[in-house]
Amino acid sequence: MRTVMADAEVGDNVIDTDPTIRALEERAAQTLGMPSALWTPSGTMANLVALSTHLRRGDRFLAPRGAHVLVNELGSAAWLAGGMPDPLDHDAGPGRPSPEAVRAAAGGTGPYYTLRTTLLSLENTHNAAGGAVTPPDEHARLVAAAREAGLRVHLDGARLWHAATALAVPPAALTVGVDSVAACFSKGLGAPVGSVVAGSEEFVEQARRMRQMLGGGVRQGGVLAAACLLALDRVDDLAADHARATALAEGLADRGWDVVPPQTNIVLAGVPDVNAALDTLRALGILVLPMAGKVRFVLHRDLTDDDVTEALRRIDAGTGDGTPSPA
């Protein structure tokens, strides 16, 4: 990856003359089933560009509870995009609101001083729900419900590659009907930086202006886009990460840990005291992070089957019987 970055042909992306970024944007748009795409330095910026383009100040938007745009982007959807967020409960499964919930939350037309709901922001996979996947049929019903209510639809597909791999469908099968989609090249694919936000040509034209306003104009960005192009060649590798996550989850469950079988490469484990568990695991040389009140294990391309076996061995050695500590 460092070799392709060093060898990248570059221009000036601020004036849209960087050939490597342009090649990435064209390939990403085709892969995502959208007319056009725009490179951004990060997934957070990709989402913010989309929300800022779709929302007017004071518009209300809906998103699944715990969505990245609600809890992991420092309130930028409200602070910078000017939207009023309203979370939807996961009444259709992990990370997934039902179409009925979308219709009910969208409401109707009220007096001028009431909030106007204009956007549904979905997330596939849903990170805080343990990398939970929304299949194409459910996605289609959610988009249809949003359309019936007069809402635009943005899809935070930072981990869309994982969803497509888990479902054995092309990524474009999971973007049907949306107005915009964001996707990230560092989520298990190995790129050090980079995302895209995709939509219609008119949307991307406005998104490019918003990216510049947010400081996302990068000159010789082809150095970074080259890594993203290589990352796209690695999507098929994600299946191995998913298999390792399943093996880890089964090993933890055998040791009495409270885990839900993963759909992708994220394992969420419920423990009595998250901070104490993080300290215990860190002392064992197992580095994890908290997520949604649980301990989150993430499998990625730099880990092997032997690393999963070693992690379980260290848990056995460090806690005596392998059970979560402290109890």
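Residues numbered from 1 in each chain as written. Predicted model: local features only at pLDDT ≥ 70, side-chain atom pairs only at ≥ 80, totals over all residues. Heavy atoms only, no water.

A. Spatial organisation of the overall build of the protein. Of regular secondary structure, the protein possesses 13 helices and 11 strands. A globule of 327 residues ought to have a C-alpha radius of gyration of about 20 Å, and the protein, at 20 Å, matches this closely. Dimensions of the protein along its principal axes, counting C-alpha atoms only, are 60 × 55 × 35 Å. Long-range pairs, those at least 24 residues apart, make up 74% of the contacts in the protein with a sequence separation of at least 6. Approximately 14,300 Å² of the protein is accessible, and the part contributed by carbon and sulfur atoms is 52%. In the protein, 28 side chains carry a positive charge and 38 a negative one; their mean positions are 5 Å apart. (Helix = DSSP H or I, 4+ residues; strand = E, 2+ residues; numbered from the N terminus. Rg over C-alpha atoms; globule rule 2.2 N^0.38 Å. Contact = heavy atoms within 4.5 Å. Areas by Shrake-Rupley, 256 points an atom, 1.4 Å probe, with all protein chains shown as cover. Lys, Arg positive; Asp, Glu negative; His and termini not counted. Charge placed at Lys NZ, Arg CZ, Asp CG, Glu CD.)

B. Seen up close, the sheet that holds strand E6 (residues 180–184). Spatially, the 7 strands line up as an open sheet ordered E1-E7-E6-E5-E4-E2-E3, and their pairing is mixed. The open sheet has two edge strands, strand E1 (36–40) and strand E3 (84–88), and neither has a second partner. Ignoring strand direction, the axes of neighbouring strands in this sheet form an average angle of 20 degrees. In the sheet, E6 pairs with strand E7 (residues 195–199) via 5 bridges, with the strands oriented antiparallel. Opposite Cys184, over in E7, you have Ser195 as the bridge partner. Contacts between helix H6 (residues 99–106) and the sheet are confined to strand E2 (60–64), E3 and strand E4 (117–123), with E2 contributing the most and set at about 160 degrees to the helix. (Pairing = 2+ DSSP bridges. Axes fitted to C-alpha atoms, helices over the stretch in contact; angles between N-to-C directions.)

C. Looking closely at the pattern of salt bridges. Using the criterion set out here, one finds 18 salt bridges in the structure. Residues Asp179 and Arg147 are paired through a salt bridge, measuring 2.9 Å at the closest nitrogen-oxygen approach. Note that Asp179 is positioned in the loop between helix H8 (160–167) and E6 and Arg147 in helix H7 (residues 136–148), a separation of 32 residues in sequence. Note on Arg147: relative accessible area 35%, which makes it partly exposed. Arg255 is the salt-bridge partner of Asp316, the closest N and O atoms lying 2.7 Å from each other. In this pair, Asp316 sits in helix H13 (residues 305–319) while Arg255 sits in the loop between helix H11 (238–254) and strand E8 (258–259), placing the two residues 61 residues apart along the sequence. Three or more residues joined by partner-sharing salt bridges are found here, namely Glu100, Arg103 and Glu148. (Salt bridge = Lys/Arg side-chain N within 4 Å of Asp/Glu carboxyl O. Buried < 20%, exposed > 50% of the residue type's maximum accessible area, 1.4 Å probe, protein only.)

D. View of unusual backbone geometry. In the segment running from Asn124 into Thr125, the intervening peptide bond is cis, with an omega of 5 degrees. Mapped onto the secondary structure, Thr125 falls in the loop between E4 and H7. Positive phi is not limited to glycine here, since Asp16 has a value of about 60 degrees. Note on placement: Asp16 falls in the loop between helix H1 (2–6) and helix H2 (19–32). Positive phi, normally seen in glycine, also occurs at Ala292, with a value near 55 degrees. Mapped onto the secondary structure, Ala292 falls in the loop between strand E10 (289–291) and strand E11 (294–298). Residue classification places Ala292 among the exposed positions, given a relative accessible area of 53%.

E. Region of interest: helix H12 (residues 274–283). Within the sequence span of H12, burial applies to Val274, Ala276, Ala277, Leu278 and Leu281. For H12, the capping residue at the N-terminal end is Asp273, with a side-chain oxygen 3.2 Å from the backbone nitrogen of Asn275. Where H12 terminates, the next one or two residues include Gly285, which has phi positive at roughly 80 degrees. (Polar contact = N/O pair within 3.5 Å; in protein donor to acceptor, adjacent residues only side chain to side chain.)

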